Amino acid sequence: MGVYQYRDLKKPSGGLRSLPHKRKRRYAMGDYFVPTVLGDSRDVRVKRVMGGNYKLSLRTVTEAIVNDPKTGKSVKAKILAVVSTPANREYARRNIITKGTIIRTSAGLARVTSRPGQDGIVNAVLVEGQQAS
């Protein structure tokens, strides 16, 4: 079960009368959004994608790899809370982590730079004005 990704069902622009008929194909299938949530353990699912490749979908997470841009060092830090999310205000209340989310870690405030639902890991960069411990 998937989500259809083609644009042929939408209304055409520019005064076109009709578009040629396209069949739905398996390669045009997407997937539903499954959020990465701050939890008690780390849960990763493996998905097969186009071309026989695999994506790691992170379902629950406890730690992030935080990079300090001033020193250039990276450290594995525990995620304490989700502060804000630019994708959706409701995600911060539900502890959902996406790319761009500001998280509070044991190393300070950090912004998520990876896509946890597709990369299988949470990478983050310390936000200015915070100290790494």
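Below is a short write-up of the structure.

About the cut-offs
Residues numbered from 1 in each chain as written. Predicted model: local features only at pLDDT ≥ 70, side-chain atom pairs only at ≥ 80, totals over all residues. Heavy atoms only, no water. 1 Å grid on protein atoms, 1.4 Å probe; cavity = no way out; pocket = protein on both sides within 12 Å on 5 of 7 lines; lining within 4 Å. Points joined across faces, edges and corners; volume = space filled by probe spheres on them. Nonpolar A, V, L, I, M, F, W, Y, C, P; charged D, E, K, R; others polar. Salt bridge = Lys/Arg side-chain N within 4 Å of Asp/Glu carboxyl O. Helix = DSSP H or I, 4+ residues; strand = E, 2+ residues; numbered from the N terminus. Core = buried A, V, L, I, M, F, W, Y, C linked by side-chain atoms within 4.5 Å. Buried < 20%, exposed > 50% of the residue type's maximum accessible area, 1.4 Å probe, protein only. Contact = heavy atoms within 4.5 Å.

**As for the layout of surface pockets**
Part 1 of the argument: Its boundaries defined by the atoms lining it, the largest pocket holds a volume of some 850 Å³.
Part 2 of the argument: Lining the largest pocket are 25 residues, and of these Gly-30, Asp-31, Lys-47, Val-49 and Lys-55 lie nearest its centre.
Part 3 of the argument: Classifying every residue of the lining of the largest pocket gives eleven nonpolar, six polar and eight charged.

**Some words on the pattern of salt bridges**
Part 1 of the argument: For the structure shown, the criterion picks out four salt bridges.
Part 2 of the argument: Its salt-bridge partner being Asp-43, residue Arg-45 comes within 3.4 Å of it at the nearest N-O pair.
Part 3 of the argument: Here Lys-76 ties to Glu-63 by a salt bridge, and the two come within 3.9 Å at their closest N and O atoms. One end of the pair, Lys-76, is in strand 5 (residues 73-84); the other, Glu-63, is in strand 4 (residues 63-68), and 13 residues separate them in sequence.

**Notes on the environment of Lys-47**
Part 1 of the argument: Along the chain, Lys-47 falls in strand 2 (residues 43-48).
Part 2 of the argument: With 71 residues separating them along the chain, Lys-47 and Gln-118 place their C-alpha atoms 9.2 Å apart.

**Structural notes on the nonpolar core**
Part 1 of the argument: With 17 residues, the main nonpolar core has Val-66, Ile-79, Ile-103 and Val-122 as its most contacted residues.
Part 2 of the argument: Of all the secondary structure elements, the ones that give two or more residues to this core are strand 3 (54-61), strand 4, strand 5, strand 8 (108-112) and strand 9 (123-126).
Part 3 of the argument: Per-element tally for this core: the top contributor is strand 5, with three residues.
Part 4 of the argument: Setting aside its immediate chain neighbours within four residues, Val-66 contacts Lys-73, Ser-74, Val-75, Ala-77, Thr-105, Ala-110, Ala-124 and Leu-126.

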